[in-house]
Amino acid sequence: MKSWRIAALALLLPWGAAQAQNGPPVAPVRDHVDTWHGVQVHDPYRYMENLADPQVRNWMLAQGAYARTALDRLEGRAALEKRLAAIDAGLGDRRFDITRLASGALFYALKGRHDRQVKIAMRERADGPERVLVDPDLAARRTGIPHAVNWWVPSWDGRYLAYGLSAGGSEDASLVVVDVQTGRQVGEAVTRVPDGGVSWLPDSRTIAFNRLRQLTAEDPATEQYLDSAVHLLKVGEPANRARAVFGPTVNKDLGLRRLDNARLLFAPGSPWVVAATNDTTQREGSVFVARAADLAGGTVAWRRLAGFDDHWVELALRGDQLFLLTTKGVPRRQLLELDLRSEGATPRLAANPPADGVIEGFTVGREQLLLRVRQGANIGLRAYAAGDPEGKAIVTPLHGAASVAEDPAHAHADFIYQETSWTVPGRAFLLRAAQSRPLAAFDTATPAGLPKLVVRDVLVPSHDGVLVPMTVMHRKDLSRKEPHPTLLLGYGSYGFSETAGFRARNIPWLERGGVIAVANVRGSGVLGDDWRMAGTRLKKPNTWKDAIACGQYLVKEGYATPRMLSIMSGSAGGVFAGRAITEAPALFGAAVIHVGMLDAVRAEDTANGITNISEFGSVKDADGFRGLLEMSAYHQVRDGTAYPAVLLVHGLNDPRVDAWNSAKMAARLQAASTSGRPVLLRVDAQDGHGVGRTVAQARSIDADVYSFLWWQAMGR
């Protein structure tokens, strides 16, 4: 297959090809003016939102060709890519995202040292032989298009594995079921089954899945996640035999919204089925319960347990008990337990967080609860016996972040967990009676020759005096008497926090003498729900003002000069990085924005944008519009301003943030900036939001990004 670069060059318009020889192609200005709540909003590149327009696509591909040429010429780029490959190989085979069945069988993601994509594998027991069940690279070799597994769920008895397969980074997954013993597909694939809505009924022969509607050419993109429905299908039956059992078009008496995407929860031995909805962005929604047997036919008597305002953000079903994690009135969260047999019963307290921690998640075992508790960037473990809501901290071998294997049947008295830190790749352990025993088969190897690092947690005063947690790391022997290339990382949306973990891509930067700083700005959940809400909607400016404060701290403390300071983020973190460089352009020498939300005003009219109204607001009300305009980096670019060097990275198949966000931002910065520093748009026609990206694609991006940032920091 031709590479995307060759294909792009073959499709360029003549003017685009000529421009690519001398500079990035100039985009025509066709100003479009909207008036929102009495405010005129200019949009000079609105036409780029039509990615199907050949001129728009060819302009983007010409930009990508220009960027490719510029990046390939960077000093040390080829050596950096080789070093990244060596570190990746040194990590060996990686096994993660473990699910343990009642039988003891383990299903997990496998990233082999020579694999292009993540596979799904299993073992009958932890020390047993490994079998690969799903290899998406087989589909890639057959079609010439990268494929990826987006989700996977084994049946309770381990006989079947359901997984979602998508192509070209699109995340447009089809549900496939394979027989675990034979490895053969059973029945036909079912299209339009996204992540998060798939479960097995206790019989292990029927699967429940949330399916999106089939849209017509006349339907706007905003219809994509509306009116979805949960279907039931017996293994091996044709897709057209799937029966809708829950959703806004199925249960019109429940008051469901069109945007309520649902999932059904089951558990072996439990007579109940729990239906939980959300808007695909916020974790909370409405929760209902019914008798699982009623799903077989006839009327299902759903009973409402909670609504959005109850803020149940995570659920687990065991027998007659529903465990629920809530933020209502408790910003650091509480775990409650509800007896489903008693209609109108009040949930009772099952677990409190420690005074200095936030509950990150929980696992229900046979005899006790194991909670993941966040303290800054680290996540520790805490065990809770029945009747002990305060629990006891578990001492773990590493000071980092722990993840716990799923035990969906709640069948085990012990737990499997994996732990990693900023300096150590993942280690696996079996936790029994508060003691951790190594599970070497699930360890990640440590590459040879890693630098010794200093890792320091600091609190940075922001614009309003609030202290922002940040982790700074660099080589142990690095001199602090002079500044160094320094990269500030962050995100700040949806309550997602920056977490301690080994990042192979950062190692060459640190080896070379660079500094990495990771900020947990407002909008993250590092200090609980109040911290998260302080970075949403009209309070969103705290997110990028915290980023600016962290950058100023790094300069003041002598880590970097403004020229040597870079900032990077992606997706909704486009607000974090994009608004930092548009509000304080002189503070940064360079920025990299991956698949960034950069035009927040227009996001609402996209397929995924409508699901984000709950996080960012709507232009249809005055306050929402005001907040979105302020957080929209594209609309804050000012002519005649010296902006940093910027690298925008996007895949044309992105289903979450439309690629025109990066296209419009590139055109606007190229036209407005007076600094003379490059603005590059790196596009890939076989990539999306990053989910399912091949190893080669990811490594190429990392080599481009870090060589670009070093080039700018060192003034070459």
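Here we summarise the structure given alongside this text. Because the structure is a prediction, the values reported are computed rather than measured.

Details of the pattern of salt bridges
1) Next: Evaluated as defined, the whole model comprises 54 salt bridges.
2) Next: For Glu 81, the salt bridge goes to Arg 77, with nearest N and O atoms at 2.7 Å. Linking Glu 81 with Arg 77, this pair stays in helix α4 (residues 77-90), spanning 4 residues, or about one helical turn.
3) Next: Between Glu 171 and Arg 656 there is a salt bridge, and its shortest N-O distance comes to 2.6 Å.

Regarding the sheet that holds strand β15 (residues 272-278)
1) Next: The strand order across the open sheet built from 4 strands is β14-β15-β16-β17, with neighbouring strands paired in antiparallel fashion. Edge strands, defined here as strands with exactly one partner in the open sheet, are β14 (261-265) and β17 (303-306). The mean angle between the axes of side-by-side strands here comes to 30°, regardless of whether they run parallel or antiparallel.
2) Next: Judged from the 5 bridges that link them, β15 and strand β16 (residues 287-291) form a sheet pairing that is antiparallel.

As for the packing of aromatic side chains
In this description, a pair of aromatic rings is defined by centroid distance and the angle of the planes.
1) Next: Enumeration according to the criterion identifies 12 aromatic pairs in this entry.
2) Next: Here Phe 246 and Phe 288 contribute two aromatic rings whose centre-to-centre distance is 5.9 Å and whose plane-to-plane angle is 55°, an arrangement assigned as tilted. Note that Phe 246 is positioned in strand β13 (residues 243-246) and Phe 288 in strand β16, a separation of 42 residues in sequence. One exposure class covers both Phe 246 and Phe 288, and it is buried.
3) Next: When the centroid spacing of 6.3 Å and the interplanar angle of 15° are considered together, the rings of Tyr 491 and Phe 496 count as stacked.

Describing the packing of helix α8 (residues 541-556) against helix α9 (residues 574-583)
1) Next: Where α8 meets α9, the closest approach of the two axes is 8 Å, and the angle between their N-to-C directions is 65°. Between α8 and α9, the angle is such that the two are roughly perpendicular. Both α8 and α9 take part in a crossing whose hand is right-handed. Touching Thr 543, Trp 544, Lys 545, Ala 547 and Ile 548 of α8 are Val 575, Phe 576, Arg 579, Ala 580 and Glu 583, all from α9.
2) Next: Classifying every residue of the contact of α8 with α9 by side-chain character gives 6 nonpolar, 1 polar and 3 charged.

Conventions adopted
- Residues numbered from 1 in each chain as written.
- Predicted model: local features only at pLDDT ≥ 70, side-chain atom pairs only at ≥ 80, totals over all residues.
- Heavy atoms only, no water.
- Salt bridge = Lys/Arg side-chain N within 4 Å of Asp/Glu carboxyl O.
- Helix = DSSP H or I, 4+ residues; strand = E, 2+ residues; numbered from the N terminus.
- Pairing = 2+ DSSP bridges.
- Axes fitted to C-alpha atoms, helices over the stretch in contact; angles between N-to-C directions.
- Phe/Tyr/Trp six-rings, centres within 6.5 Å; stacked < 30°, edge-to-face > 60°.
- Buried < 20%, exposed > 50% of the residue type's maximum accessible area, 1.4 Å probe, protein only.
- Parallel < 35°, antiparallel > 145°, perpendicular 65-115°, else oblique.
- Left-handed = near helix turned anticlockwise from the far one by under 90°.
- Contact = heavy atoms within 4.5 Å.
- Nonpolar A, V, L, I, M, F, W, Y, C, P; charged D, E, K, R; others polar.

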